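Understanding the architecture of this molecule
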Amino acid sequence: MLFYTWESFSALIHTKRYQAAGIFQRQNAIIFVTYILGIVTIFMNQKDTTDVNVIILGGLQMCFLIVVLGIFPIIYPNINKGILSNMCMLLTIGFIILARLSFEKSVKQFIIVAVVTMLSLIVPYLMSRFNMWKSLTWIYCFVGLGLLVAVLVVGTLSRGAKLYIKISGFTFQPSEFVKIIFVFFIAGMLSKSAEFGHLILSAVFAGLYVIVLVISTDLGSALIFFMMYLFMVYVGTKKVRYLFIGMAGISTASVIAYKLFSHVQVRVLVWKNPFAADIINNSGYQVSQSLFALGSGGLMGTGLYQGYPNKIPIVDNDFVFSAIGEEFGAIFGILLILVCLSCFISFLNTAMEQNSMFNRLVCVGLGVGYAIQIILTVGGAINMIPSTGVTLPLISSGGSSILSTLIVFAIIQGLAIVGTANMNSVRRKVPTEGTGNVTTRTTSNVKGLRKTQEQKERRKLNRQAMVTSVIFCIIFVFMAGFYLNFIVNKSQDIIKDTHNERVAEKAKTIIRGTIYAEGGEKLAYTDTNSTEEDLSDDTRKYPYGKTFAQVIGYSTKGFTGLEQRCNSDLSTEGTTEIEKIANDFSNTTVS
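Since the model is a prediction, treat every value here as computed from it, not as a measurement. (Residues numbered from 1 in each chain as written. Predicted model: local features only at pLDDT ≥ 70, side-chain atom pairs only at ≥ 80, totals over all residues. Heavy atoms only, no water.)

Attention now moves to the overall build of the protein. Scanning the protein from N- to C-terminus turns up 23 helices and nine strands. When burial is assessed residue by residue, the protein has 52% of its 591 residues classed as buried. The contacts of the protein with a sequence gap of at least 6 include a subset with a gap of at least 24, amounting to 70%. With an accessible surface of roughly 27500 Å², the protein has 62% of that area assigned to carbon and sulfur atoms. (Helix = DSSP H or I, 4+ residues; strand = E, 2+ residues; numbered from the N terminus. Buried < 20%, exposed > 50% of the residue type's maximum accessible area, 1.4 Å probe, protein only. Contact = heavy atoms within 4.5 Å. Areas by Shrake-Rupley, 256 points an atom, 1.4 Å probe, with all protein chains shown as cover.)

In this section: the pairing of strand 7 (residues 522-527). Relative to strand 7, strand 6 (residues 515-517) runs antiparallel, the two sharing two bridges. Opposite Tyr-516, over in strand 7, you have Lys-522 as the bridge partner. Hairpin remark: strand 6 followed by strand 7, antiparallel, with four residues in the connecting loop; positive phi at Gly-520, about 100°. Relative to strand 8 (residues 539-541), strand 7 is paired through three bridges, and the arrangement is antiparallel. (Pairing = 2+ DSSP bridges.)

At their nearest, the axes of helix 8 (residues 174-192) and helix 10 (residues 219-237) sit 10 Å apart, and the two run at 20° to each other. By the angle between their directions, the pair helix 8 and helix 10 is classed as roughly parallel. Along this stretch, helix 8 crosses helix 10, giving a crossing that reads as right-handed. For the pair helix 8 and helix 10, the contacting residues are Ser-175, Val-178, Lys-179, Phe-182, Val-183, Ile-186, Ala-187 and Leu-190 in the first and Ser-221, Ile-224, Phe-225, Met-228, Tyr-229, Met-232 and Val-233 in the second. A class-by-class count of the residues in the contact of helix 8 with helix 10 yields twelve nonpolar, two polar and one charged. (Axes fitted to C-alpha atoms, helices over the stretch in contact; angles between N-to-C directions. Parallel < 35°, antiparallel > 145°, perpendicular 65-115°, else oblique. Left-handed = near helix turned anticlockwise from the far one by under 90°. Nonpolar A, V, L, I, M, F, W, Y, C, P; charged D, E, K, R; others polar.)

Here we come to the pattern of salt bridges. Counted under the stated rule, the structure contains five salt bridges. Close ionic contact of Arg-26 with Glu-7 constitutes a salt bridge, the shortest N to O distance being 2.6 Å. Residue Arg-26 is located in helix 2 (residues 17-45), and its partner Glu-7 is located in helix 1 (residues 2-13); the two are separated by 19 residues in the primary sequence. Taking relative accessible area as the criterion, Glu-7 reaches 10% and is therefore assigned buried. Note that Lys-179 is salt-bridged to Glu-176, the shortest N-O span being 3.1 Å. Highlighted residues: Lys-179 and Glu-176, both in helix 8, separated by three residues, approximately one helical turn. For the pair formed by Lys-179 and Glu-176, the shared burial category is buried. (Salt bridge = Lys/Arg side-chain N within 4 Å of Asp/Glu carboxyl O.)

Taken together, Phe-196, Ile-200, Val-204, Leu-208, Ile-211 and Ile-215 make up a surface patch of nonpolar side chains, about 560 Å² in accessible area. Of note, Ile-215 is situated in helix 9 (residues 196-215). (Patch = residues over 30% accessible without salt bridge, like charges linked within 9 Å, V, L, I, M, F, W, Y side chains within 5 Å.)

Take the confidence of the model for the protein next. Chain-level statistics for the protein give a pLDDT mean of 81 and a share of 81% at 70 or above. Counting interchain partners and residues more than four positions distant, the pLDDT-below-50 stretch residues 426-447 has 27 contacts. Between residues 575-591, whose pLDDT stays under 50, and residues either more than four places distant or in other chains, the model counts 27 contacts. (pLDDT = per-residue confidence, 0-100.)

This part takes up helix 3 (residues 51-75). Look at helix 3: 35 Å from first C-alpha to last across 25 residues, which is about the 36 Å you get at 1.5 Å a residue. Along helix 3, the largest kink reaches about 25° and is centred on Val-68. Here helix 3 has its buried residues at Val-54, Leu-57, Gly-58, Gln-61, Met-62, Phe-64, Leu-65, Val-68, Leu-69, Phe-72 and Pro-73. (Expected span 1.5 Å × (residues − 1). Bend = angle between axes of the 7 residues up to and from the residue.)

Along the chain, Arg-100 falls in helix 4 (residues 81-101). Residues in contact with Arg-100, not counting those within four places in the same chain, are Ile-42, Leu-304, Tyr-305, Gly-307, Pro-309, Asn-310 and Glu-327.

In total, this model carries 23 aromatic pairs according to the counting rule given. Centroid distance Phe-64 to Phe-110: 5.9 Å. Interplanar angle 85°. Geometry classified as edge-to-face. Here the residue Phe-64 occupies a position in helix 3, and Phe-110 occupies one in helix 5 (residues 103-119), the gap between them amounting to 46 residues. You can call Phe-64 buried: its relative accessible area is 5%. (Phe/Tyr/Trp six-rings, centres within 6.5 Å; stacked < 30°, edge-to-face > 60°.)

Positive phi values are uncommon outside glycine, yet Tyr-305 reaches one of about 75°. The residue Leu-394 is not glycine, and still its phi comes out positive at about 70°. With respect to the element layout, Leu-394 can be found in the loop between helix 16 (357-381) and helix 17 (399-425).

Let's shift gears to the environment of Phe-328. Tracing the sequence through the fold places Phe-328 in helix 14 (residues 320-328). Once the C-alpha coordinates of Phe-328 and Gly-303 are considered, the two residues, 25 residues apart in sequence, prove to be 5.9 Å apart. Among all residues touching Phe-328, those that are not within four sequence positions of it are Ile-96, Met-300, Gly-301 and Leu-304.

Here, the word disulfide means a covalent bond between the sulfur atoms of two cysteines. Evaluation of the coordinates by the stated rule reveals zero disulfides. Looking at Cys-340, it has no disulfide partner, and the nearest cysteine sulfur is the one in Cys-343, 6.8 Å off. (Disulfide = S-S within 2.5 Å.)

Turning our attention to the packing of helix 13 (residues 285-297) against helix 14. Across the interface, helix 13 lies against helix 14 with an axial gap of 6 Å and an inter-helix angle of 25°. On the basis of their axis angle, the class for helix 13 and helix 14 is roughly parallel. The handedness of the crossing between helix 13 and helix 14 comes out as left-handed. Of the residues in helix 14, those touching helix 13 at Ser-290, Ala-293, Leu-294 and Gly-297 are Phe-321, Ser-322, Gly-325 and Glu-326. Grouping the constituent residues of the contact of helix 13 with helix 14 by class yields three nonpolar, four polar and one charged.

This is the structure we're talking about:
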């Protein structure tokens, strides 16, 4: 994953086709190796289905990756291959972790992915060949609002919010698709005019979208819609003051939401202290289990099938990042965050290649929506921000989420084709001898082209997109740092909490460790001749009886003393160097 992440950012730097081609080939090789290692591990450990089913699924998913990475660039030579590779890597991680969590759900997810990916082949063609999209502004507006109102009226309540509509046994979440419609609507409005009066009109309708979502108590989606609108306005008007006004507005709205909605108050309380006695087994159970999982995974992870991610409620949906962090480790998790960041930067780079303001705003809006969704999902999992119940794009289970995300990527690819055409087909007429002779030359041959008015205007338009990119880069890097700080400085204290069921589960598979005095004498050890799989009931011996009872404590009757303090170390097969340092006691060692 480290090499893949490095190549992802290298692709952003190298613009020459022959250099980029080598990068994409190496990326694709890493994708296939990652998938093969993952599916082999699943084959060796899967207990929810038969070996034949794993082989069939593995073969079909491998064929899917070959087709997407091999055939798509042939059909569309000018697509952004970096975005294509990143999409396949994220899908690969999703395939592996979902098959580990629930084989049945992974099969359903793959069917949706395969069908939608094939159907979305037409999207780049439609986006690159037709210019009618910006003329449908008011259709976007009322279709999007109509879908949200329909959810409000006939939607199904899920975890305190109206999110879904059921039709003939199928359940889908309209807000996932309305995000795309909303972006097209705002892009249409702002591309026609960025004057103040027109801006107020767009704000009124954008506010209606957000209000309907708030009434439906889908506050996570409301935040995503608001942030998409805010940055689209900033890029469309080129006025930074709207960012500050928007941030002040979202701060005020957050306070109001806290006062009005009880479930928002609960989530804030959980965020402040998920381990509080009256919270950990109730409203804070999901977040506390997420932190236990991430802490148990440490930097390197427990390994696939060696953790207990299914102890997290709805782990395959809202907290799939926690499952990844537990079994693949924090280093892998941080690299995953950076791959998502490189995807976002590619979206913004595509925006900066567009001549049309409408296309530029569509790229910015979809890119910001993608980035905010990742921040909300990962930030909630690591307790950087209150949990919002948002899925991780291309990885989490959920038909509506994966469907809408694949459409977003297809739209961006279509605009990438347009952007490539813009960069390559600009032709200018320049005089070669006096004013009478005029020769047509490509822009690459025109001396001093970067100083022309057109290039100056392009750089001016790109300035806001670059600022947007920098803002989100800072947020992503901060999020990765927050996660790393949690693992290095806080995780050891957290996983020793007596509510961490993973320690007890792990104790069933290994012999509890020995506590030694400084001179090497055994103060506590496990006496076992058992051949049973469950070793948790083997006899714990204390050679000195009650002499050191207050210090050593007991592993039964409540875990006291060192038995409690070192419970995590005594109940695991080994410790990392960081853990050894954190648990180094002056007069006592544990093995």
